[in-house]
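Residues per chain, in single letters:
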Amino acid sequence: MTGAIATPVVVDGRVDDEKLGELMAIGAEHDELDFKAFVDVSGGRQKLNFVKDCIAMMNTPAGGYIAVGLDGHGSPAKSQAVIDTARFDPADLASLVESYVDAPVTIRTGVHHRDGRAIVLVYIWPESGRAPRPHRKRWAHTTAGARLRRVCSSHEATRGTLRFKRNTCLGSSSASAN
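Overview of the structure. What you see is a predicted model, and the numbers here were worked out from it, not measured in a lab.

For the rest of this paragraph, the subject is the overall build of the protein. Helix and strand content of the protein: three helices and eight strands. Secondary structure elements of the protein occur, N-terminal to C-terminal, as α-β-α-β-α-β-β-β-β-β-β. Looking at the 178 residues of the protein, the share that counts as buried comes to 39%. Residue pairs at least 24 apart in sequence account for 57% of intrachain contacts in the protein once pairs closer than 6 positions are excluded. Looking at the protein as shown, the accessible area adds up to about 9800 Å², and 49% of this sits on carbon and sulfur atoms.

Listed below in structure tokens is the structure:
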């Protein structure tokens, strides 16, 4: 008989100090739990990676947690820059994630302190009870960093099939990427 691997993470939506302690004690990441030493949600690659992590949590049955300010073992990431906790407003984060998916999202956050470090506990889940489908991505650097790309909800973005212009996505089977 095959079955799901049991997880020690109890996804209950709480973001209080007791919940943070419970998640830190697990000491390892799981599908429903991600530790991030530092995240800058103000822009760039870190913001996009944070959105992808939120979408991953939305794809778990009950949602999941991202603990910002903890290393990969659930300990305070003392060697990292100080976290700007004001950037982790739940309404702002929900708007950010919703700009990339076609499902409403609810986000709760709690700011806590351990060993003199700020830690932000973020709980994410899809309100609709269904997995979100990514529908657009704002301008992002490719891995080479030389070109920019943008994905539109109604088109699959592949080189040579779409022409991209700032703030538009024009479907064209004969257009090439600029």
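Text resumes after the structure shown.
Moving on: the sheet that holds strand β3 (residues 105-114). The mixed open sheet is built from four strands, whose spatial order is β1-β2-β4-β3. Lying at the two open borders of the sheet, with one neighbouring strand each, are β1 (33-36) and β3. Strand after strand, the sheet turns through a mean of 15° between neighbouring axes, direction not considered. Pairing analysis gives 10 bridges linking β3 to strand β4 (residues 117-126), with the strands arranged antiparallel. Directly across from Thr-109, in β4, lies its bridge partner Val-122. With respect to the sheet, helix α2 (residues 44-58) is in contact with β1, β2 (64-68), β3 and β4, its orientation differing from that of β2 by roughly 150°. Across the sheet, helix α3 (residues 90-98) touches β3 and β4, and the angle it forms with β3 is around 135°.

Before going further, it helps to spend a moment on the environment of Ala-67. By the element assignment, Ala-67 lies in strand β2. Given the relative accessible area of 0%, Ala-67 is considered buried. Measuring from C-alpha to C-alpha, the distance between Ala-67 and Thr-109 comes to 9.6 Å, with 42 residues separating the pair along the chain. In this structure Ala-67 touches Asp-34, Phe-35, Lys-36, Val-120 and Leu-121, once residues within four positions along its chain are discounted.

This part is about the environment of Arg-14. If you trace the backbone, Arg-14 turns up in the segment before α1 (17-26). Take Arg-14: its relative accessible area is 27%, and that puts it in the partly exposed class. Distance from Arg-14 to Tyr-123, taken between C-alpha atoms, is 7.6 Å for residues 109 residues apart in sequence. Once residues within four sequence positions are removed from consideration, Arg-14 is found in contact with Lys-19, Glu-22, Tyr-65, Arg-108 and Leu-121. At 3.0 Å, the side chain of Arg-14 and the side chain of Asp-12 are in polar contact. Separated by 3.2 Å, the side chains of Arg-14 and Asp-16 make a polar contact.

What counts, and where the lines are drawn
- Residues numbered from 1 in each chain as written.
- Predicted model: local features only at pLDDT ≥ 70, side-chain atom pairs only at ≥ 80, totals over all residues.
- Heavy atoms only, no water.
- Helix = DSSP H or I, 4+ residues; strand = E, 2+ residues; numbered from the N terminus.
- Buried < 20%, exposed > 50% of the residue type's maximum accessible area, 1.4 Å probe, protein only.
- Contact = heavy atoms within 4.5 Å.
- Areas by Shrake-Rupley, 256 points an atom, 1.4 Å probe, with all protein chains shown as cover.
- Pairing = 2+ DSSP bridges.
- Axes fitted to C-alpha atoms, helices over the stretch in contact; angles between N-to-C directions.
- Polar contact = N/O pair within 3.5 Å; in protein donor to acceptor, adjacent residues only side chain to side chain.

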